[in-house]
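# Working through the structure, step by step
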Amino acid sequence: PRPSPIKKFLKQNIIIPNLLSGMQQEIKSESQATQMYYQILLCRAQDLCYVVHKSDIEMKKIIEFYKQCHDNEHLFQAYYCMGCIYRDFKDAPRALSYYQDALNLKKYSKDDALTARLYNQIGQLQESGYSFKSAQTSYIMALKYFKRSNDSLTIPHAMLNVAHTFMDQNNIKEALSYCFQAKVLTDKLHNEDQKAGIRLEITNVFFQLDKYPQAEEELNLIGNRLKRNRDLSAYNLGIGMLLDSRGKNDAAAKCYKLSASLGDSNLKEEAYDYLYQGYKAEGG
């Protein structure tokens, strides 16, 4: 018999949320195993696209299914997904517990990219709980597996995560080392939008380390390549900080206002804080 087109599609491991969501009716006619794997791919696709998970009911069924089948490879993925769900629920202890369950099964998985993301998620939760040393260990492991998966786009981000943990521990030398490594790899990327986005992250690290000449160099390289409002907000925030450092307060204030108008809640807060500090310095 001809293989099911649904199964063929899922085997390709294509995680595009709109395509997967549109298959929800078709998938009901497939085997239970195919339906379970579909749900895992859908969960992972939504996670990569920052869609907030709202229920753990389906994933609990999936975990039980793979336990009964003794399918540790897919159970590894299901535990990872459940960890992401509880992360979205703001339940860090349970998220970390499921991530640890996944780690216990990582020897059954050949998906280095997913293992890297697993360590990365653990590092983020540890860092948010101010366990910087633990987060550093997790981020270094994430970097190791991103390198194994040969993911040229995520490796610079992973290096910057490690740099942040060294900054948190006031180890400026190591923080700069990872930052410059990320810069070298970013320069080799061919997609200008991606390069600009990572350069914004590098710029932010340089600012935090008071390395203003290096930050300015990165901002000059970015130029007018940015399209997303969030990136434009971060860019104008950086330009404002440079102008501020040169005493050009009025020009800096215009950049901060533009940054606030374009940014998300975090960038708005940061831009308004710089505006407030500027007005306060002028006695306003």
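Just so you know, these numbers come straight off a predicted model, no measurement behind them.

Right, let's get into the packing of helix 10 (residues 172-187) against helix 11 (residues 192-208). Where helix 10 meets helix 11, the closest approach of the two axes is 10 Å, and the angle between their N-to-C directions is 160°. Relative to helix 11, helix 10 is oriented roughly antiparallel. The chirality of how helix 10 crosses helix 11 is left-handed. Here helix 10 contributes Leu176, Cys179, Phe180, Ala182, Lys183, Thr186 and Asp187 to the contact with helix 11, which in turn contributes Lys195, Ile198, Arg199, Ile202, Val205 and Phe206. Looking at the contact of helix 10 with helix 11 residue by residue, the classes come out as 8 nonpolar, 1 polar and 4 charged.

This paragraph deals with the environment of arginine 94. Mapped onto the elements of the fold, arginine 94 is located in helix 6 (residues 92-103). Using a relative accessible area of 39% as the deciding quantity, one classes arginine 94 as partly exposed. Separated by 12 residues in sequence, arginine 94 and methionine 82 place their C-alpha atoms 9.1 Å apart. A distance of 3.0 Å separates polar atoms of two side chains, one belonging to arginine 94 and the other to tyrosine 86.

Here we take up the packing of helix 13 (residues 229-245) against helix 15 (residues 265-281). At their nearest, the axes of helix 13 and helix 15 sit 10 Å apart, and the two run at 20° to each other. Regarding the angle of helix 13 to helix 15, the classification is roughly parallel. Two packed elements cross with a definite hand, and for helix 13 against helix 15 that hand is left-handed. On helix 15, the residues touching Arg230, Ser233, Ala234, Leu237 and Met241 of helix 13 are Leu267, Glu270, Ala271 and Tyr274. When the residues that make up the contact of helix 13 with helix 15 are grouped by side-chain class, the tally is 6 nonpolar, 1 polar and 2 charged.

About the cut-offs
- The numbering scheme is per chain: residues are counted from 1 as the chain's sequence reads.
- Where local features are concerned, this predicted model is filtered to residues with pLDDT of at least 70; where side-chain atom pairs are given and counted, the filter is 80 or more; whole-chain, interface and lining totals use all residues.
- Hydrogens and waters are ignored; side-chain quantities use all the structure's heavy atoms.
- Here, axes are lines fitted to C-alpha atoms. For helices the fit covers the stretch in contact, and angles between N-to-C directions go from 0 to 180 degrees.
- Numbering of helices and strands runs from the N terminus; a helix is a DSSP stretch of H or I covering at least four residues, while a strand is a stretch of E covering at least two.
- Orientation categories follow fixed angle ranges, with anything under 35 degrees roughly parallel, anything over 145 roughly antiparallel, 65 to 115 roughly perpendicular, and all other angles oblique.
- Should the near helix be turned counterclockwise from the far one by less than a right angle, the crossing is left-handed, whereas a clockwise turn marks it as right-handed.
- Should any heavy atoms of two residues lie within 4.5 Å, those residues are considered in contact.
- Think of it as three bins: nonpolar holds Ala, Val, Leu, Ile, Met, Phe, Trp, Tyr, Cys and Pro, charged holds Asp, Glu, Lys and Arg, and polar takes everything else, Gly as well.
- Type-normalised accessible area, obtained with a 1.4 Å probe on protein chains alone, sets the label of each residue: buried when under 20%, exposed when over 50%, and partly exposed for intermediate values.
- Under this definition, polar contacts are N or O atom pairs within 3.5 Å; protein pairs additionally need one hydrogen-donor-capable and one acceptor-capable atom, and for neighbouring residues in sequence, both atoms have to be side-chain atoms.

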